[in-house]
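So you can see what is in the structure, the chains are spelled out below.
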Amino acid sequence: MTLRKMIDNGCLSHPLIAELIRLEPTTWFNPALAPTAQALGDVPLSVADVDDAASRLERFAAFIQSAFPETQVSDGIIESPLLPLAQLQAALCAEQQVPIQGRLWLKADNLLPISGSIKARGGIYEVLKHAEDLALAGGLIQPGDRYNTLDSDEARAFFAQYSIAVGSTGNLGLSIGIMSARLGFKATVHMSADARQWKKDRLRACGVEVVEYASDYSVAVEQGRKQAEMDANCHFVDDENSLNLFLGYAVAARRLARQLDAAGITVDQEHPLFVYLPCGVGGGPGGVAFGLKQVFGDAVHCVFAEPTHSPCMLLGVYTGLHDAISVYDIGIDNHTAADGLAVARPSGFVGRAMQRLIDGYYTVTDEELYRLLALMEATEGLKLEPSALAGLPGFLRVLQEQQGYRLRLGLDEQRMANATHIMWGTGGSMVPDEEMDAYLSQGRKLVAAH
Ligand SMILES: *Cc1c(COP(=O)(O)O)cnc(C)c1O
């Protein structure tokens, strides 16, 4: 790879690359950030598209409520709470000797029903969209119907003629697999080597076929794609390029807006909103950020977080090479405990579409993820999976930055004092107790040693 040669020759015009190669926690604020009104045009989707996705999820609420009784409390809407993190914020600010400014919250997607991670947004949405297309074409439902009739043997026999395939490091497979199997589809999940055993077991228990690979995520995706190409009745969920996945995630933003409103939180130029999103291939954080930019415009600041061993989106956007570069090309191994974030090559679609809308990117070590996992549990009593903690240090990175980012955006002391910081807690509630206990004891050792 040419970039490798450039580094070896010491003539690299991208100084941050050396930091990434050394696996140091890195923060980069995006000099190409543009006014929302201009940059939203880079995304080939509109407000009407997100409206359409939101109303499709409402149409399916009756089915979801019937098929997944745990969603009865929310009338079949798959949504997570917004929780204050006052104790954790105070603990981290004291530790880092940073004055407490603004308020820190958790968007608790770890508590999302059905699959316990942010993938319950995009992944499930894509399956529902595909099911609706088939059911309308097959005359199983009519426009305007309530879709509770889709939770029936007749509907399952209909969907059994079709299959759905996906390549996944774990959480996407869980969402797609659980929802597909419940509708009656034949579901196949192609899983990378780093996927956890319990996720494979869980899927097999739901009747999903799990195919295992010794290699990483991209290979699992490629194999899934090939299998689907050979079968006209098979729908392949393309995590790297799917507009439907992206739209499913985008719906989160308007729901968050209602929660902020209900909590009495104002978001405008004088009261900025910062949202820190763990990033794997980019569809989840990209879709949520797209939705947020539509709702809040320049008042929202979206920042992506990645493991030091898998900084694929930072690398792609920073070099402008997007999906033409992978972390392997600069000698990084893509080995991380952060499930869902172990991605070597970013989505080219998300990187390009969102490159003027994302304020910044940073990396976190696995040790820090574990340490923060234990701190979260100790201060707030909340259990998240390692990936989900990637968004937590974001508010400190913003408050401690010396790159002129806040100055450039007019984020002065008064505005920072009024700020709302949200870490997107992307997963955790499905992790079996033994695994969570192992995460916690590892994290507690790091807390003690800090
Ligand atoms: C998938 C996932 C992400 C990131 O989503 P991408 O669409 O891959 O960027 C973050 N956290 C968790 C727990 C995930 O499973």
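On a predicted model such as this, the values are computed, not experimentally measured, just so you know.

So, on to the pairing of strand S3 (residues 103-107). The buried fraction of S3 amounts to 4 of the 5 residues, a majority that puts the element mostly inside the structure. Across 3 bridges, strand S2 (residues 82-84) lies against S3 in antiparallel orientation. Bridge pairing in S3 places Leu 82 opposite Lys 107. Bridging between S3 and strand S11 (residues 420-424) involves 5 bridges; their strand directions are parallel. Bridge pairing in S11 links Leu 104 to His 421.

Below, the discussion takes up the nonpolar core. Taken as a class, soluble globular proteins show a tendency for nonpolar side chains to be buried jointly. Core analysis: the biggest nonpolar cluster contains 154 residues, and Phe 159 and Met 179 have the highest contact counts within it. Counting residues per element, this core draws most heavily on helix H12 (residues 243-262), at 11 residues. When residues of this core are sorted by domain, at least three fall in each of domain 1 (3-47 + 66-115 + 244-449) and domain 2 (118-241). Apart from residues no more than four positions distant in its own chain, Phe 159 is found in contact with Ala 131, Leu 134, Ala 135, Leu 140, Leu 150, Leu 183, Gly 184 and Phe 185.

In this numbering, the UniProt entry assigns the feature "domain: Tryptophan synthase beta chain-like PALP" (unreviewed entry) to residues 73-402. Secondary structure across residues 73-402 comprises 43% helix and 14% strand; the distance between its end C-alpha atoms is 46 Å.

Moving on: the side chain of Glu 132. One can find Glu 132 in helix H7 (residues 119-137). Once residues within four sequence positions are removed from consideration, Glu 132 is found in contact with Arg 56, Arg 59, Phe 60, Ile 141 and Tyr 147.

Glancing now at the UniProt feature "modified residue: N6-(pyridoxal phosphate)lysine" (unreviewed entry) in the protein chain. The UniProt feature table records "modified residue: N6-(pyridoxal phosphate)lysine" (unreviewed entry) at Lys 119. With residues up to four places along the chain from it excluded, the contact list for Lys 119 reads Ile 124, Asn 171, Leu 172, Ser 175 and Tyr 249.

A few words now on the packing of aromatic side chains. Inspection of the entire model under this criterion finds 12 aromatic pairs. Ring geometry for Tyr 370 versus Tyr 439: centroids 6.0 Å apart, planes at 45°, classification tilted. Separated by 69 residues along the polypeptide, Tyr 370 in helix H16 (residues 366-380) and Tyr 439 in helix H20 (residues 433-449) bring together distant segments of the chain. Since its relative accessible area comes to 10%, Tyr 370 is described here as buried. Taken together, the ring pairs connect Trp 28, Phe 304, Tyr 318 and Tyr 361 into an aromatic cluster.

Attention now goes to the sheet that holds strand S6 (residues 209-212). For sheets, the rule is that strands pair by backbone hydrogen bonds, running either parallel or antiparallel. The 4 strands are arranged S6-S5-S4-S7 in an open sheet whose pairing can be described as parallel. Each edge of the open sheet carries a strand with a single partner, namely S6 and strand S7 (234-237). Averaged over all pairs of adjacent strands, the angle between strand axes in this sheet comes to 20°, irrespective of strand direction. Pairing of strand S4 (residues 163-168) with strand S5 (residues 186-191) involves 6 bridges; the strand directions are parallel. By the bridge assignment for S5, Val 166 is matched with Val 189.

Turning our eyes to something else, we now look at the pattern of salt bridges. As enumerated under the stated definition, the model contains 27 salt bridges in all. One salt bridge connects Arg 56 with Asp 52, and the closest N-O pair in it is separated by 3.2 Å. Of the two residues, Arg 56 and Asp 52 are both situated in helix H4 (residues 47-59); the distance of 4 residues between them amounts to about one turn of the helix. Classification of Asp 52 as partly exposed rests on a relative accessible area of 34%. Put simply, Asp 339 and Arg 196 hold a salt bridge, and the shortest N to O gap is 2.7 Å. Taken as a pair, Asp 339 in the loop between helix H14 (312-319) and helix H15 (348-354) and Arg 196 in the loop between S5 and helix H10 (197-205) lie far apart in primary sequence, 143 residues in all.

On to the packing of H12 against helix H13 (residues 283-296). The N-to-C vectors of H12 and H13 enclose an angle of 45°; their axes lie 7 Å apart at closest approach. Viewed along their axes, H12 and H13 adopt a mutual orientation that is oblique. Along this stretch, H12 crosses H13, giving a crossing that reads as right-handed. Here H12 contributes Phe 246, Tyr 249, Ala 250, Ala 252, Ala 253, Arg 254, Leu 256, Ala 257 and Leu 260 to the contact with H13, which in turn contributes Gly 283, Gly 284, Gly 286, Gly 287, Val 288, Phe 290, Gly 291, Leu 292, Gln 294, Val 295 and Phe 296. For the contact of H12 with H13, the residue count by class is 13 nonpolar, 6 polar and 1 charged.

Rules of the game
Residues numbered from 1 in each chain as written. Predicted model: local features only at pLDDT ≥ 70, side-chain atom pairs only at ≥ 80, totals over all residues. Heavy atoms only, no water. Buried < 20%, exposed > 50% of the residue type's maximum accessible area, 1.4 Å probe, protein only. Helix = DSSP H or I, 4+ residues; strand = E, 2+ residues; numbered from the N terminus. Pairing = 2+ DSSP bridges. Core = buried A, V, L, I, M, F, W, Y, C linked by side-chain atoms within 4.5 Å. Domains from an automatic or database assignment. Contact = heavy atoms within 4.5 Å. UniProt positions renumbered as here; feature names shortened; annotations may be inferred. Phe/Tyr/Trp six-rings, centres within 6.5 Å; stacked < 30°, edge-to-face > 60°. Axes fitted to C-alpha atoms, helices over the stretch in contact; angles between N-to-C directions. Salt bridge = Lys/Arg side-chain N within 4 Å of Asp/Glu carboxyl O. Parallel < 35°, antiparallel > 145°, perpendicular 65-115°, else oblique. Left-handed = near helix turned anticlockwise from the far one by under 90°. Nonpolar A, V, L, I, M, F, W, Y, C, P; charged D, E, K, R; others polar.

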